[in-house]
Amino acid sequence: MNQNTVALAAAFGAVVVGLAVLLGSEAVGASESFVVVGGVVAQAGVAVLTGVVMRLPDPHEGEHGGDSGHA
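Criteria and thresholds
- Residues numbered from 1 in each chain as written.
- Predicted model: local features only at pLDDT ≥ 70, side-chain atom pairs only at ≥ 80, totals over all residues.
- Heavy atoms only, no water.
- Helix = DSSP H or I, 4+ residues; strand = E, 2+ residues; numbered from the N terminus.
- Buried < 20%, exposed > 50% of the residue type's maximum accessible area, 1.4 Å probe, protein only.
- Contact = heavy atoms within 4.5 Å.
- Areas by Shrake-Rupley, 256 points an atom, 1.4 Å probe, with all protein chains shown as cover.
- Axes fitted to C-alpha atoms, helices over the stretch in contact; angles between N-to-C directions.
- Parallel < 35°, antiparallel > 145°, perpendicular 65-115°, else oblique.
- Left-handed = near helix turned anticlockwise from the far one by under 90°.
- Nonpolar A, V, L, I, M, F, W, Y, C, P; charged D, E, K, R; others polar.
- UniProt positions renumbered as here; feature names shortened; annotations may be inferred.
- Expected span 1.5 Å × (residues − 1).

## Focus on the overall build of the protein chain
Within the protein chain one finds two helices and zero strands. Counting across all 71 residues of the protein chain, residues that qualify as buried make up 15%. Sequence separation of 24 or more characterises 64% of the internal contacts of the protein chain that already satisfy a separation of 6 or more. Summed over all atoms, the accessible surface of the protein chain reaches about 5400 Å², with 67% contributed by carbon and sulfur.

So, in C-alpha coordinates, the structure goes:
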(Lines give C-alpha, C1' and ligand atoms only; values in the text may rest on other atoms or scores of the structure.)
Protein backbone atom coordinates (compact mmCIF):
# COMPACT_ATOMS: atom_id res chain seq x y z
CA MET A 1 0.00 0.00 0.00
CA ASN A 2 1.38 3.37 -0.88
CA GLN A 3 1.22 6.51 1.24
CA ASN A 4 -1.65 8.06 -0.74
CA THR A 5 -3.87 5.02 -0.20
CA VAL A 6 -3.34 5.09 3.56
CA ALA A 7 -3.97 8.85 3.71
CA LEU A 8 -7.14 8.54 1.61
CA ALA A 9 -8.46 5.70 3.78
CA ALA A 10 -7.72 7.56 7.02
CA ALA A 11 -9.28 10.79 5.75
CA PHE A 12 -12.38 9.00 4.48
CA GLY A 13 -12.67 7.25 7.85
CA ALA A 14 -12.42 10.61 9.62
CA VAL A 15 -15.21 12.03 7.46
CA VAL A 16 -17.46 9.03 8.16
CA VAL A 17 -16.78 9.04 11.91
CA GLY A 18 -17.15 12.81 12.13
CA LEU A 19 -20.47 12.77 10.31
CA ALA A 20 -21.71 9.86 12.45
CA VAL A 21 -20.84 11.73 15.65
CA LEU A 22 -22.32 14.96 14.29
CA LEU A 23 -25.59 13.43 13.15
CA GLY A 24 -25.92 11.01 16.06
CA SER A 25 -25.33 13.63 18.73
CA GLU A 26 -27.75 15.99 17.01
CA ALA A 27 -30.40 13.26 16.78
CA VAL A 28 -30.24 12.31 20.46
CA GLY A 29 -29.94 15.87 21.67
CA ALA A 30 -26.46 15.53 23.11
CA SER A 31 -24.57 18.57 24.29
CA GLU A 32 -23.49 21.08 21.72
CA SER A 33 -19.83 20.21 22.23
CA PHE A 34 -20.37 16.74 20.71
CA VAL A 35 -21.95 18.33 17.65
CA VAL A 36 -19.00 20.69 17.31
CA VAL A 37 -16.45 17.88 17.72
CA GLY A 38 -18.20 15.80 15.05
CA GLY A 39 -18.22 18.75 12.68
CA VAL A 40 -14.55 19.53 13.27
CA VAL A 41 -13.52 15.90 12.69
CA ALA A 42 -15.55 15.75 9.47
CA GLN A 43 -14.08 19.02 8.21
CA ALA A 44 -10.56 17.87 9.04
CA GLY A 45 -11.18 14.70 7.04
CA VAL A 46 -12.39 16.72 4.05
CA ALA A 47 -9.32 18.95 4.30
CA VAL A 48 -6.97 15.95 4.30
CA LEU A 49 -8.87 14.39 1.38
CA THR A 50 -8.49 17.63 -0.56
CA GLY A 51 -4.77 17.76 0.16
CA VAL A 52 -4.20 14.15 -0.89
CA VAL A 53 -6.18 14.56 -4.11
CA MET A 54 -4.24 17.71 -4.97
CA ARG A 55 -0.97 15.75 -4.66
CA LEU A 56 -2.09 12.95 -6.99
CA PRO A 57 -0.48 13.03 -10.43
CA ASP A 58 -2.55 14.23 -13.36
CA PRO A 59 -3.98 11.15 -15.12
CA HIS A 60 -3.54 12.85 -18.51
CA GLU A 61 0.07 13.78 -17.86
CA GLY A 62 2.40 12.07 -20.28
CA GLU A 63 -0.21 11.58 -22.99
CA HIS A 64 0.80 13.00 -26.34
CA GLY A 65 -2.56 13.12 -27.99
CA GLY A 66 -3.39 10.49 -30.55
CA ASP A 67 -5.58 7.46 -30.12
CA SER A 68 -4.45 5.06 -27.41
CA GLY A 69 -6.97 2.46 -28.50
CA HIS A 70 -9.31 3.02 -25.56
CA ALA A 71 -12.95 3.85 -26.12
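There is more to say after this.
## Digging into the packing of helix α1 (residues 3-28) against helix α2 (residues 32-55)
Interaxial distance between α1 and α2 falls to 7 Å at its minimum, and their mutual angle equals 155°. Between α1 and α2, the angle falls in the class roughly antiparallel. Crossing of α1 against α2: the hand is left-handed. Class assignment of the residues belonging to the contact of α1 with α2 gives a composition of 18 nonpolar, seven polar and two charged.

## Describing the UniProt feature "transmembrane region" (unreviewed entry) in the protein chain
Within this numbering scheme, the UniProt entry marks residues 34-54 as carrying the feature "transmembrane region" (unreviewed entry). In this annotation, residues 34-54 is assigned 100% helix and 0% strand; the end-to-end C-alpha distance for the span is 30 Å.

## A few points about α2
In this model α2 runs 35 Å from its N-terminal to its C-terminal C-alpha over 24 residues, within 8% of the 34 Å that 1.5 Å per residue would give. Turning to α2, its buried residues are Val35, Gly38, Gly39, Ala42, Gly45 and Val52. Packing partners of the buried residues in α2 comprise α1.

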